[in-house]
Structures are given as structure tokens and as C-alpha cells.
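# A closer look at the structure
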Amino acid sequence: MNWSSFEGLLSGVNKYSTAFGRIWLSLVFIFRLLVYLVAAERVWSDDHKDFDCNTLQPGCTNVCFDHFFPVSHIRLWALQLILVTCPSLLVIMHVAYREAKAQRLHEAGGGSCRHIYANPGKKRGGLWWTYLLSLVFKAGVDVVFLYIFYRFYRNYTLPRLVKCELPPCPNVVDCFISRPTEKNIFTLFMVVTACVCVVLSLVEAAYLIGKRCRECLQAGGEQSRRHSQDCPLSCAEPVGTAGQVFHGADYKPPTATIPPTASCPSTVSEEEALS
């Protein structure tokens, strides 16, 4: 693993996140990713080898292990961490797309075009929707995997002893799991951290929506106040001919030629500016 590139990626995610997003990122990196790499992966490394059944029937142990443990905890956690962190990368890619488009239009205009984004990393337009959908997706992924763990392992716990009577086992056999207490502790720890991440994602989504609604209400209030202030000025002119100048029928208004100015080669539409 290239830790320098990984560090740059984390700093990019942290730069374009809110305070709740930074807490979520720290929680995922410290309490989920590092725990997975350092401790949890070693605990489940010998789960199949140390799954003992009191029978010598060939194939019975493998069948019972596959029945009670259809998917390993480690592989489920790895897939969960990958899917949870991918939406944050989409936000970075969207910001990079904005910066590249602004730079391309600026170069095409010869430096005379104004920037279409005052701050490409500010969550406005399409970037706001990308960030909001990433939060919903992250919370949804964690909820789905919590449900999968609950369906596979009831109450998120592993029993010390399981009884198996599947063929080719000759009768009901007893099978023992290696280190069930330690595995239960790590399982509950990962479940609790996933629940906290879900809560943080939902709180951040509510914060973004509330902030956007407040800005819209403030903009509407300022516009109404400005209209009420401008209305007396426009209505102050008396009705009639005061202040009006009449000309003859052959009067032609003066015309002035406007010298051509350098403009941008391409017109930026409203949809492109919001993307």
C-alpha cells in the first residue's frame, strides 16, 4: 500500500467534508479500518481450521461449517468498508471535474473569462446533490450489511457449540467454534461502530438540508425587502407629463456604436454552471 497516496486521498475527503463528515471519516479509519487490519483479520484467520466436530466422517466438518458460516465475517467487513468509502471518492472526483472544467474555459477565453465557480469545492448545485446522495448511500450500505449479519448470525453472536445433522454426517454431531468469546467481542464492536456511522450520516444529511432551506428562506426574505424598498422610489414619479420631453415626428434618437469586446469562445449554460 502506498501510504503517501492514501494520506493524500484522506486529506482530500477531509477537505470537502463538514464537521460531521470529518468525525465519520475518523471513526471509519481508526475504529473500523485499523481494527479490521490489525486485530480482526487475525482472529478469523483460523476459523475453518479450528472448527472441530466429534466425527471422523469425511466431508461432515466442511458441510457443517458451510451451513453455519456461509460467509466469513472478514469478507463481509471488507466488502462493507469498500462500498462505504466509495461515495467519498465520488465527491472528490466531482470537485476535480469542476476544477478541470473551470480551468479549460479560462484557458479557452485567454484569461478574460470569469470563473464559473467561485469555489469549486463549495457544495452548490450538482455537487450538493452528489454529497447528499453519498451520505444516503453510505447509511444505506451500513444498514443493509447490519441486516445481513443479523440474518446470518442471530443477535450478532456466535455460539460455543452447534449441532449438525446434515449429510454426509452419520448422526447428530457436535461442532465447536474456536475463540467464540473473542469473536463475539469484535463482532459487537464492529456493529456498534457501524450504527454510529449510520447516525452520523443521517445527522449530516439533515444538517445539509436544513442549511439549504435556511439559505433559501433568507434569500427570499432579502428579495422581498429589496422589492419593498424599491417600490416607493418607482412609484414617486407623478402621473402626467412632468419630466417628459416631446420631440417632433422627424426626430431620430441618437445611436452609438459599441466597440466589439473580447468574449469567451463558448457560452456557459446555467446547467453547466450548477454541475
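For the structure, check the block above.
So, here's what we can say about the structure. (Residues numbered from 1 in each chain as written. Predicted model: local features only at pLDDT ≥ 70, side-chain atom pairs only at ≥ 80, totals over all residues. Heavy atoms only, no water.)

This next bit is on the pattern of salt bridges. Between side chains of opposite charge, pairing is possible as soon as their charged atoms come close. Using the criterion set out here, one finds three salt bridges in the structure. Lys163 is the salt-bridge partner of Asp174, the closest N and O atoms lying 2.9 Å from each other. Placement of the pair is Asp174 in strand β3 (residues 173–176) and Lys163 in strand β2 (residues 161–164), with a sequence separation of 11 residues. Under the relative-accessibility criterion, Lys163 is labelled exposed at 54%. In this structure, Arg179 engages Glu182 in a salt bridge whose closest nitrogen and oxygen atoms are separated by 3.8 Å. A residue is classified by how much of its surface remains accessible, and Glu182, at 32% relative accessible area, is partly exposed. (Salt bridge = Lys/Arg side-chain N within 4 Å of Asp/Glu carboxyl O. Helix = DSSP H or I, 4+ residues; strand = E, 2+ residues; numbered from the N terminus. Buried < 20%, exposed > 50% of the residue type's maximum accessible area, 1.4 Å probe, protein only.)

Looking at the secondary structure, you find Thr18 in the loop between α1 (3–15) and α2 (19–43). Along the primary structure Thr18 and Leu208 are separated by 190 residues, whereas in three dimensions their C-alpha atoms are 9.1 Å apart.

We now examine the state of the cysteines. Using the criterion set out here, one finds three disulfides in the structure. Linked covalently through their sulfurs, Cys60 and Cys169 form a disulfide whose S-S length is 1.8 Å. With the S-S bond torsion at 95 degrees, the cross-link from Cys60 to Cys169 turns out right-handed. Taken together, the positions of Cys60 in helix α3 (residues 60–68) and Cys169 in the loop between β2 and β3 put the pair 109 residues apart, joining distant regions of the chain. Cys169 matches Cys60 in its accessibility class, with the two residues each being buried. In this structure Cys216 is not part of a disulfide, and its nearest cysteine sulfur, from Cys213, lies 6.4 Å away. (Disulfide = S-S within 2.5 Å.)

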